[in-house]
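A structural walkthrough
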Amino acid sequence: MTETAGGTFSRRRLLLGGAAVAGGATLAGALTGCAAAGPTAPEAAPEAPYGDDVVAFRGRHQAGVTTPPPAHTWFVALDLRDGVDRSGLTRLMTLWTDDIERLTGGRAPLADQERELAAVPASLTVTVGVGPDLFGRTGLDALRPASLAQLPAFDAIDRLEQRWSGGDLLLQIGADDVVTVSHATRVLTRDARSFAEVRWVQRGFGRARGSVPDGTTARNLLGQVDGSANPVGDAREQAVWSAEGWLAGGTMLVLRRIRFDRDHWEQIGRADRELVIGRRLDDGAPITGGAEKDAVDLSAVDENGLEVVPSFAHVRQARARDASELMLRRGYSYDDSPTPDGTDDAGLLFAAYVADIERQFLPVQRRLADNDLLNRWTIPVGSAVFAILPGIGDGQILGHQLLDA
Ligand code: HEM
């Protein structure tokens, strides 16, 4: 037998082929550790194409915001325990910094009970944030960025539940392997126990890495290509990263848990579904023509002079009026058990990163709350905001810019 192609597939074929040719007796021998396995006994384990991939933890910005989105991201909010002050928060950040550095490098943290689970980093990133109430609770009130406040109520659309809202601290834990994410979550929440308790965990997913080419825009569970019109290059950097005070190099996250009413959405035809957004379902291209990454032409009119993209279309309302409204969207799907009354519970963990929530996010959200037809099939059930801490250099502790300010 010759191995004609490199990589996992051919190696696996070789292993399977060897066992089949050698027959049952040899297989039994191999299972009992007998040395008489014959000349085709495997020497190398199959390759794991992405398991060893590492994303740098230290740098000007935390990883997990503009680094490529992994297959799985869990958002974990925690509340500080009573009496935890600035020095308690510093101890927690010291612990987390060491844990995260080891975990993202594929090494077990110091008190890891399941060290083997840490051996597959699979592009693990852990991104740490702080919520608006943390500042008052730790005597840091004067340092709360002005626009870091829970969003105002959007009574026409919101059906918010406390169990998916708020939080003093955020761990955004992402990797291409969900076991890696689960293990990191366990280690980091356990090490935080004397300082903070978990408030909620929201588990999001996209396509498995390798199912579609790297860089493919995600689809949400309404089947839409979601993320096409995100800013890129300098526009993205400007939109995302703060240049203000201790937050310079950090950003702000708006996380909205948006349940889909799939039962009703599925009753409307494809053409109407495309009008609701302004983009095609098959490839995400604008309904006004062009390719996926092209902007929807909001000025296009049909032969009767009517706007091709209706006033209620999502992209018409969501489109930034100018650069000051740009945001980076990086959502994940969720699909949980039905609610106790039997309601389907799947949707979008909508995550937007902006340097300033008031200036960039709120004008867009207000327009959508008032005019977006998509609201008929989408229900915000959770809402939280966090300042994502700036990145750190060698020897520095996460949050030092805030804690030492
Ligand atoms: C309710 C659940 C939502 C769904 C299912 C959804 C889906 C989509 C889809 C399919 C697109 C077109 C493709 C793209 O450019 O990414 C889009 C565009 C966009 N969405 Fe949403 N979205 C939702 C909520 C929101 C919210 C809450 C905001 C912000 C407040 C938002 C802001 C935007 C922006 C800024 C664009 C790009 C518009 C453009 O410049 O063309 N979306 N969304």
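Each remark here, short or long, concerns the structure printed above.
This section reports on the structure supplied with the text.

Calculation criteria
- Residues numbered from 1 in each chain as written.
- Predicted model: local features only at pLDDT ≥ 70, side-chain atom pairs only at ≥ 80, totals over all residues.
- Heavy atoms only, no water.
- Helix = DSSP H or I, 4+ residues; strand = E, 2+ residues; numbered from the N terminus.
- Buried < 20%, exposed > 50% of the residue type's maximum accessible area, 1.4 Å probe, protein only.
- Contact = heavy atoms within 4.5 Å.
- Areas by Shrake-Rupley, 256 points an atom, 1.4 Å probe, with all protein chains shown as cover.
- Donors = N, O, S within 2.8 Å, 3.2 Å for Na, K, Ca; no water.
- Expected span 1.5 Å × (residues − 1).
- Polar contact = N/O pair within 3.5 Å; in protein donor to acceptor, adjacent residues only side chain to side chain.
- Near = heavy atom within 4 Å.
- Nonpolar A, V, L, I, M, F, W, Y, C, P; charged D, E, K, R; others polar.
- Core = buried A, V, L, I, M, F, W, Y, C linked by side-chain atoms within 4.5 Å.

Across its full length, the protein chain carries 10 helices and 9 strands. Taken over 405 residues, the protein chain has a buried fraction of 47%. The long-range fraction of contacts in the protein chain, counting pairs at least 24 apart against all pairs at least 6 apart in sequence, stands at 78%. If you sum the accessible surface of the protein chain, you get close to 19400 Å²; carbon and sulfur atoms cover 52% of it.

Moving on, we come to the coordination of the iron atom of the ligand. One donor from the polypeptide reaches the iron atom of the ligand: H314 (NE2), at 2.1 Å. Relative to the elements of secondary structure, H314 occurs in helix α8 (residues 314-318).

Counting through the fold element by element, L222 comes out in the loop between β4 (196-205) and α5 (233-240). For the pair L222 and R273, spaced 51 residues apart in sequence, the C-alpha to C-alpha distance is 9.4 Å. Once residues within four sequence positions are removed from consideration, L222 is found in contact with F260, R262, W265, L281 and L374.

Its 14 residues give helix α4 (residues 178-191) an end-to-end C-alpha distance of 20 Å, which sits within 8% of 20 Å, the value for a rise of 1.5 Å per residue. Extensive coverage of α4 is indicated by the burial of 10 of its 14 residues. Those residues of α4 lying buried are T180, V181, H183, A184, T185, V187, L188, T189, R190 and D191. Turning to α4, the residues buried within the fold contact β1 (72-80), α2 (86-104), β2 (125-130), β3 (169-175) and β4. Here α4 starts with a cap whose side-chain oxygen sits 2.7 Å from the backbone nitrogen of V179, and that cap is D177.

Within the structure, the ligand sits among 25 residues, and G227, A229, H314, R319 and R329 are positioned closest to it. The backbone of A229 places a nitrogen or oxygen atom 2.9 Å from an oxygen atom of the ligand. Interatomic distance of 2.9 Å between a side-chain N/O atom of R319 and an oxygen atom of the ligand. Of all the elements in the fold, those that place two or more residues in the shell around the ligand are β5 (251-260), α8, β8 (345-354) and α9 (357-371). For the shell around the ligand, the element with the highest residue contribution is α9, accounting for 4 residues. Considering only residue class, the shell around the ligand consists of 14 nonpolar, 7 polar and 4 charged.

This next bit is on the side chain of D191. Considering the arrangement of structural elements, one finds D191 in helix α4. Here D191 falls in the buried class, since its relative accessible area comes to 16%. A distance of 3.4 Å separates polar atoms of two side chains, one belonging to D191 and the other to R190. Contacts of D191, omitting those with residues within four sequence positions, involve L95 and D99.

Among the nonpolar cores identified, the biggest contains 71 residues, and M93, W96, L169 and I357 are the most heavily contacted of them. Sequence-distant contacts of W96, that is, excluding residues within four places in its chain, are made with L78, V128, L169, L171, L188 and A192. Of all hydrophobic cores here, the second largest spans 20 residues; its members include V240, W241, L349 and F386.

This brings us to the pairing of β3. In terms of residue burial, β3 counts as a mostly covered element, since 7 of its 7 residues are buried. Of the two faces of β3, both are covered, the one formed by L169, L171, I173 and A175 as well as the one formed by L170, Q172 and G174.

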